[in-house]
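Each chain, letter by letter, is given below.
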Amino acid sequence: MDFRSSEPAPGPQGTDRLPDTATTAVKVVIVGGFGVGKTTLVGSVSEIRPLTTEETMTQAGAGVDDTAGVERKTATTVAMDFGRISIDEELVLYVFGTPGQERFWFLWNGLFEGALGAVVLVDTRRLEVSFDVIGRLEDRGVPFVVAVNTFPESPSYPIEELRTALDLPAEVPIVDCDARTRSSSRDVLMALMRHLYALAATPV
Ligand SMILES: Nc1nc2c(ncn2[C@@H]2O[C@H](COP(=O)(O)OP(=O)(O)OP(=O)(O)O)[C@@H](O)[C@H]2O)c(=O)[nH]1
Ligand SMILES: [Mg+2]
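Predicted model only: the values in this text are computed from it and were never measured.

About the thresholds
Residues numbered from 1 in each chain as written. Chains lettered and ligands numbered in written order. Predicted model: local features only at pLDDT ≥ 70, side-chain atom pairs only at ≥ 80, totals over all residues. Near = placed C-beta within 6 Å. Helix = DSSP H or I, 4+ residues; strand = E, 2+ residues; numbered from the N terminus. Nonpolar A, V, L, I, M, F, W, Y, C, P; charged D, E, K, R; others polar. Pairing = 2+ DSSP bridges. Expected span 1.5 Å × (residues − 1). Buried ≥ 20, exposed ≤ 12 C-beta atoms within 10 Å, placed from the backbone. Arc of directions from axis to C-beta.

So, about the site of ligand 1. Taken together, 21 residues form the shell around ligand 1, and within it Gly37, Thr39, Thr40, Thr77 and Gly100 come nearest. Going through the elements one at a time, α1 (38-45) and β3 (75-77) are the ones with two or more residues in the shell around ligand 1. Tallied by class, the residues present in the shell around ligand 1 amount to six nonpolar, 11 polar and four charged.

What follows covers the pairing of strand β5 (residues 91-97). As defined by bridge partners, strand β1 (residues 24-32) adjoins β5 across seven bridges and the pair is classed as parallel. The residue of β5 that forms the bridge with Thr24 is Leu91. The pairing of strand β4 (residues 81-86) with β5 spans six bridges and is antiparallel. Bridge pairing links Gly83 to Val95 in β5. Linkage of β4 to β5, two consecutive antiparallel strands, is achieved through a turn of four residues.

With that out of the way, let us pick up helix α5 (residues 182-201). Across its 20 residues, α5 extends 28 Å between first and last C-alpha, which sits within 8% of the 28 Å expected from 1.5 Å per residue. For α5, the set of buried residues is Ser185, Val188, Leu189 and Leu192. What you see down the axis of α5 is that its buried residues fit within an arc of 90°, all on one side. In α5, the exposed positions angled more than 90 degrees off the buried face are occupied by Ser183, Arg194, Tyr197, Ala198 and Ala201.

Shape descriptors only; they carry no functional weight alone.
Encoded structure:
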């Protein structure tokens, strides 16, 4: 008689396991204002089932949370997102998404511990929320790239106009992305890694 269950065996499966060849793990953080697509990016890029801490948005947040431009959003991150991606056989990125609503920004302190770099996800309909986010990274001295997440209603600006609007130095990369697409989200993380390598190679 066959007693095998159709339930998956407990414990890590397939891609849950880190390849034996992995030698370097890097922590990176995805930041940005409310509803810019941080949870979506972590979910699309992760090779393991992402950990999310999303809660349903209720009437209690009315007047507290700025939902302008994202009125259709029904859930929001209250602690963090977590995912993992192997860039090659040796390098693994641990990707942490932050909560976007300002009332949860106190959690950023812990999330940034040990992080080598950050991605600032931006929605061009609500650029102003990115100012505070970028200011906080600059205060902490955390290197970052800016990724412009493309929503259908978002106005499109030339990169150099965005650089001026966000007051970004020339060396900070700005890339377009679609956070729903794995390859696009992966490209954003690759842009961050290239930026970190370039900074490490630059004599001080
Ligand atoms: N059209 C489009 N929609 C997107 C894209 N990325 C995310 N969305 C949608 O935008 C909504 C918000 O995305 P989330 O990933 O929850 O945003 P978030 O930044 O994690 O939000 P908070 O955690 O609340 O700050 C979701 O309904 C997504 O499906 C994108 O690239 N294009
Ligand atoms: Mg989120």
